Amino acid sequence: QVQLVESGGGLVQAGGSLSLSCAAAGSIFSINTMGWYRQAPGKQRDLVATITSGGSTNYADSVKGRFTISRDNAKNTVYLQMNSLRPEDTAVYYCNAGGLITTSLFRLSSVWGQGTQVTVSS
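Reading the values: rules and limits
- Residues numbered from 1 in each chain as written.
- Predicted model: local features only at pLDDT ≥ 70, side-chain atom pairs only at ≥ 80, totals over all residues.
- Heavy atoms only, no water.
- Helix = DSSP H or I, 4+ residues; strand = E, 2+ residues; numbered from the N terminus.
- Contact = heavy atoms within 4.5 Å.
- Polar contact = N/O pair within 3.5 Å; in protein donor to acceptor, adjacent residues only side chain to side chain.
- Core = buried A, V, L, I, M, F, W, Y, C linked by side-chain atoms within 4.5 Å.
- Buried < 20%, exposed > 50% of the residue type's maximum accessible area, 1.4 Å probe, protein only.
- Pairing = 2+ DSSP bridges.
- Axes fitted to C-alpha atoms, helices over the stretch in contact; angles between N-to-C directions.
- Salt bridge = Lys/Arg side-chain N within 4 Å of Asp/Glu carboxyl O.

### Here we look at the environment of Arg38
Here Arg38 shows up in strand β4 (residues 28-39). For the pair Arg38 and Thr57, spaced 19 residues apart in sequence, the C-alpha separation works out to 17 Å. Apart from the residues within four sequence positions on either side, Arg38 is in contact with Gln44, Arg45, Asp46, Val48, Ser62, Val63, Phe67, Asp89, Ala91, Val92 and Tyr93. Of the polar contacts made by the side chain of Arg38, one reaches the side chain of Ser62; its length is 3.3 Å. At 2.9 Å, the side chain of Arg38 and the side chain of Asp89 are in polar contact.

### Overview of the nonpolar core
Generally speaking, soluble globular proteins have nonpolar side chains that are buried together. Judged by nonpolar contacts, the single largest core of 31 residues is most densely connected at Trp36, Leu80, Met82 and Tyr93. For this core, the secondary-structure elements that each account for two or more residues are β3 (18-25), β4, β5 (46-52), β7 (67-72), β8 (77-82), β9 (91-102) and β11 (116-121). With five residues, the single largest contributor to this core is β9. Residues contacting Leu80, with those up to four places away along its chain left out, are Leu18, Ser19, Leu20, Trp36, Val48, Ala49, Phe67, Thr68, Ile69 and Tyr93.

### What about the sheet that holds strand β1 (residues 3-8)?
In spatial order, the strands read β1-β3-β8-β7; together these four strands make up an open sheet with antiparallel pairing. Whereas interior strands pair on both sides, the edge strands pair on one side only; in this sheet they are β1 and β7. Averaged over all adjacent pairs, the angle separating strand axes in this sheet is 15 degrees, with direction ignored. For β7 and β8, the ladder comprises six bridges, and the chain directions are antiparallel. Bridged to Thr68 within β8 is Gln81.

### Here's the deal with the pattern of salt bridges
Here the structure, examined in full by the defined rule, presents three salt bridges. For Asp89, the salt bridge goes to Arg38, with nearest N and O atoms at 2.9 Å. In this pair, Asp89 sits in the loop between β8 and β9 while Arg38 sits in strand β4, placing the two residues 51 residues apart along the sequence. Judged by relative accessible area, which is 13%, Arg38 ranks as buried. Linking Lys64 and Asp61 is a salt bridge whose minimum nitrogen-to-oxygen distance equals 3.1 Å. Salt bridges sharing partners connect three or more residues here, namely Arg38, Arg66 and Asp89.

What follows is the structure, given as structure tokens:
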């Protein structure tokens, strides 16, 4: 019943900015951690940034100082503001919800969005 609906992504020039959003929909009581991961062609899916319901954040070293993650608990939505984009940021970006509790108090360890393509041209 739970789905993550992403929006954003696209093609930008190096040095530009882009923002992503992801809303969790369904019978949700709470979500402990929401975050963004990315996967480039031929590479593993790696963490970009996460944020807990209390606002604690964690960033990959490669994006620190450039990306900002935020969330709206009331809307079960997570955002990623990406600035100073580089060609190496090109990847499919996936939204994730971890420690999700449904209204029936069932715990889901991890739910993934469909992914959205971010391409940064040189």
